[in-house]
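Architecture at a glance
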Amino acid sequence: LEVYFLHKENEELNSTLQGANEELTEINENLEGLVKERTAELEFQNKLLTIAQNVLHALPVAVVGLDLSGLIVQSNEIADELFAPGISSLISLRAKQNLPEELNALIPQTKKGEIRSGTLKITDKEYIIKGSRMQTDSGQEGVILVIIPG
């Protein structure tokens, strides 16, 4: 009689375990699907970011992006060549110490939302400079400086 109850209890446990395993398998398959979806989404966003970065570097003007504290958070190749010839990139440097006085003079008014412009001379070349404030719905704020060969 005891063997019968042990056998019956073993069958019930086995059935419960099988149900739990099936549930875990289904959860695992759902998670794998979610991971594949998220990976595809991230790969797509990464491709878009790469395209945007390539466009920025291909522009025929220098572009420098600053956060509101004056930290350079974006620059393209022309800006790096103009203002940081011995350094690979302006990114993570302070504008005040690494950009010409004329550019730094635009920043305070530009932070207030005014579109500012002026001129700049670097090694006998004239440039038109424009500054604009960036403020997005996602909370990104900063200053964009564009230096155009004149």
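Residues numbered from 1 in each chain as written. Predicted model: local features only at pLDDT ≥ 70, side-chain atom pairs only at ≥ 80, totals over all residues. Heavy atoms only, no water.

What to know about the overall build of the protein
Let me state the cut-off plainly: Elements are defined by DSSP. Helices are runs of H or I of four residues or more, strands are runs of E of two residues or more, and each kind is numbered from the N terminus. Atoms considered for the radius of gyration are the C-alpha atoms alone. The globule rule reads 2.2 Å times the number of residues to the power 0.38. Here's how the labels work: a residue is buried when its accessible area is under 20% of the maximum for its type, exposed when over 50%, partly exposed in between, all with a 1.4 Å probe on protein chains only. In this description, contact between two residues means that some pair of their heavy atoms is separated by no more than 4.5 Å. Shrake-Rupley sampling with a 1.4 Å probe provides the accessible areas, and residues are treated as covered by the protein chains on show and by no other component.
Summing up its helical and strand segments, the protein has 4 helices and 5 strands in all. When the helices and strands of the protein are read in sequence order from the N terminus, they spell out α-β-β-α-α-α-β-β-β. Scaling as 2.2 N^0.38, a compact globule of 150 residues should have a C-alpha radius of gyration of about 15 Å, whereas the protein reaches 29 Å, well beyond that. With the C-alpha coordinates aligned to their principal axes, the bounding extent of the protein is approximately 105 × 30 × 25 Å. Buried positions account for 23% of the 150 residues belonging to the protein. In the protein, once contacts between residues fewer than 6 apart in sequence are set aside, the share between residues at least 24 apart is 30%. Approximately 10,800 Å² of the protein is accessible, and the part contributed by carbon and sulfur atoms is 56%.

A few points about the sheet that holds strand E2 (residues 72-75)
Rules: A pair of strands counts as paired when DSSP detects no fewer than two bridges linking them. Structural elements are reduced to axes, namely lines fitted to C-alpha atoms, with helices fitted over the stretch in contact, and the angle between N-to-C directions of any two is expressed from 0 to 180 degrees.
A sheet is described by the order of its strands in space; here 5 strands give the open sequence E2-E1-E5-E4-E3, paired in antiparallel fashion. Each edge of the open sheet is held by one strand with a lone partner, namely E2 and strand E3 (116-122). Within the sheet, the average angular offset between the axes of one strand and its neighbour, ignoring direction, is 25 degrees. Summarising the sheet, strand E1 (residues 62-66) and E2 pair through 3 bridges and their orientation is antiparallel. Bridge pairing in E2 places Gly-65 opposite Gln-74.

Here we look at the confidence of the model for the protein
Here is the rule we go by: For every residue, the predictor reports its confidence as pLDDT, a number between 0 and 100.
Across the protein, the average pLDDT comes to 93, with 100% of residues at or above 70. Of all helices and strands in the protein, the one with the weakest mean pLDDT is E3 (87), whereas E1 scores best (97).

Looking at the side chain of Asn-76
Looking at where Asn-76 falls in the secondary structure, it is placed in the loop between E2 and helix H2 (77-83). Excluding residues that lie within four positions of it along the chain, Asn-76 makes contacts with Leu-56, His-57, Leu-59, Val-61, Ala-62 and Val-63.

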